[in-house]
Amino acid sequence: VGHCHPDIVKAAHEQNQLLNTNSRYLHDNLVDYAERLSKTLPEKLCIFYFLNSGSEANDLALRLARQYTQHEDVIVLDHAYHGHLTSLIDISPYKFRNLEGQKEWVHVAPVPDTYRGLYREDHENSVTAYADEVKNIIERAHKKGRKIAAFFAESLPSVGGQIIPPAGYFQKVAEHVHKAGGVFIADEIQVGFGRVGKHFWAFQLQGEDFIPDIVTMGKPIGNGHPLACVATTKEIAEAFAATGVEYFNTFGGNPVSCAIGLAVLDVIEKEHLQAHATEVGNFLMKILKEQQMKHPIIGDVRGCGLFIGVDLIKDQAK
């Protein structure tokens, strides 16, 4: 919502003057913020865990998936990056290929890129072809006696190249993953909160019939303040709580963080930032496509709202 936005600074300052405490102490801001955030999401995503960073959120999502499914393995997209914790480096091909390599419980699916990927725009059904790659991974894992806990993906792969997955891809992947007893985790840490313009969440680009089992949030949620969230279903949360080992995060959901989170949602709404992302994004796409017509080095211009990628190439034929 902008560097040092006065409304965010004011919300933080006012709450700091009143009270900031650890989250063992109940405070209305936590409930008010959870209720407000829930209005932006599908109804079944109604349980919220508040944390301090996107990495913490993705790590918790992994724990939730494993506890709920009682499975271990994770399917991720090639080139993905999900955070800096050890657990997340392990599911980030962007990182682990330069470090300790791929763990046995990690499976890498091709990124659904219809410009550079395995199945391109001229393919008769790229959606099914890319989803079948995930299905094949599951089948190969099962033959080895392994079980899938989750398919873990950014709703729009960012580090992987600002990729816009073809509509319907997530639905088909979710079908295969659910059949295998796993859950679908949508990482909205870079692409959520209205950045895509036409929707508040990037996973909604796939269509109204697609709802992830777990959604993770970070970065824009607190406008630079350390705040993050995991949203999930009652069923998954209950399975997690059934261990008797409660989830506790000392400062996740503290009064100041929640005051800031509420202020961010206020600004997005009051300043019509979703519409702004759409309008500015459309303008930027238009002038970038005009440049594409002039310069052969620009192979592709793609995006949605203010999530835009320009693919620079050496050879049009490849």
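Source: prediction; values computed, not measured.

A. Inspection of the side chain of aspartate 113 at higher detail. By the element assignment, aspartate 113 lies in the loop between β3 (106-109) and α6 (126-143). Nearest to the buried, unbridged aspartate 113 among oppositely charged side chains is arginine 302, at 4.9 Å. Here arginine 116 takes part through its backbone nitrogen, which lies 3.1 Å from a polar atom of the side chain of aspartate 113. With near-sequence residues (within four places) excluded, aspartate 113 lies in contact with Tyr119, Tyr130 and Ile163.

B. Seen up close, empty space enclosed by the protein. This structure, assessed with the given rule, holds two cavities of 30 Å³ or more. Looking at the largest cavity, its volume works out to about 60 Å³. Lining the largest cavity, in full, are Asn22, Ser23, Tyr25, Leu26, His27, Leu30, Gly253, Asn254 and Pro255. Classifying every residue of the lining of the largest cavity gives four nonpolar, five polar and no charged. Approximately 40 Å³ is the volume found for the second largest cavity. Around the second largest cavity sit Leu77, Asp78, His79, Ala80, His82, Val111, Glu154, Pro157 and Gly160, which together line it. Of the residues that constitute the lining of the second largest cavity, the class distribution is four nonpolar, three polar and two charged.

C. Quick look at the packing of helix α1 (residues 6-18) against helix α9 (residues 255-270). As a packed pair, α1 and α9 sit with axes 8 Å apart at the nearest point and diverge in direction by 155°. When the axes of α1 and α9 are compared, the pair comes out roughly antiparallel. The handedness of the crossing between α1 and α9 comes out as right-handed. Across the interface between the two elements, Asp7, Ile8, Ala11, Ala12, Gln15 and Asn16 from α1 touch Pro255, Val256, Ala259, Ile260, Ala263, Val264, Val267 and Lys270 from α9. Of the residues contributing to the contact of α1 with α9, the split by class is 10 nonpolar, two polar and two charged.

D. Layout of the domain arrangement of the protein. Domain boundaries assigned for the protein yield domain 1 (8-271) and domain 2 (276-312). Computed over C-alpha atoms, the centres of domain 1 and domain 2 are 26 Å apart. The partner domain 2 presents 14 residues to the 16 residues of domain 1 that form the contact. Carbon and sulfur atoms supply 58% of the area buried between domain 1 and domain 2, which totals about 1200 Å² over both sides. When the buried area of domain 1 at its contact with domain 2 is split by residue, Tyr115, Gln162 and Arg195 rank highest and sum to 45% of it. A salt bridge links arginine 116 to aspartate 311, with the shortest nitrogen-to-oxygen separation between them at 2.6 Å. Summed over the shared surface of domain 1 and domain 2, the result is nine residue pairs in polar contact (both at pLDDT 80 or more). Within the side of domain 1 that touches domain 2, the residues separate by chemical class into eight nonpolar, five polar and three charged.

E. Local environment of the layout of surface pockets. As a volume, the largest pocket reaches approximately 400 Å³. Within the residue set of the lining of the largest pocket, elements represented by two or more residues are α2 (28-38) and β1 (47-51). Grouping the constituent residues of the lining of the largest pocket by class yields nine nonpolar, three polar and two charged.

F. Summary view of the pairing of β3. Along β3, one buried face is formed by Val106 and Val108 and the opposite face, lined by His107 and Ala109, is buried too. In this structure, strand β2 (residues 73-77) lies alongside β3, joined through four bridges in parallel fashion. Its bridge partner being in β3, valine 76 is matched across the sheet by valine 108.

G. Geometry of a nonpolar patch on the surface. A surface patch of nonpolar side chains, amounting to about 190 Å² of accessible area, comprises Val280, Leu284 and Leu306. With respect to the helices and strands, leucine 284 occurs in helix α10 (residues 273-294). Looking at leucine 284, the relative accessible area reads 31%, which means it is partly exposed.

What counts, and at which threshold
Residues numbered from 1 in each chain as written. Predicted model: local features only at pLDDT ≥ 70, side-chain atom pairs only at ≥ 80, totals over all residues. Heavy atoms only, no water. Helix = DSSP H or I, 4+ residues; strand = E, 2+ residues; numbered from the N terminus. Buried < 20%, exposed > 50% of the residue type's maximum accessible area, 1.4 Å probe, protein only. Lys, Arg positive; Asp, Glu negative; His and termini not counted. Salt bridge = Lys/Arg side-chain N within 4 Å of Asp/Glu carboxyl O. Polar contact = N/O pair within 3.5 Å; in protein donor to acceptor, adjacent residues only side chain to side chain. Contact = heavy atoms within 4.5 Å. 1 Å grid on protein atoms, 1.4 Å probe; cavity = no way out; pocket = protein on both sides within 12 Å on 5 of 7 lines; lining within 4 Å. Points joined across faces, edges and corners; volume = space filled by probe spheres on them. Nonpolar A, V, L, I, M, F, W, Y, C, P; charged D, E, K, R; others polar. Axes fitted to C-alpha atoms, helices over the stretch in contact; angles between N-to-C directions. Parallel < 35°, antiparallel > 145°, perpendicular 65-115°, else oblique. Left-handed = near helix turned anticlockwise from the far one by under 90°. Domains from an automatic or database assignment. Buried area = accessible area lost by both parts, 1.4 Å probe. Pairing = 2+ DSSP bridges. Patch = residues over 30% accessible without salt bridge, like charges linked within 9 Å, V, L, I, M, F, W, Y side chains within 5 Å. Areas by Shrake-Rupley, 256 points an atom, 1.4 Å probe, with all protein chains shown as cover.

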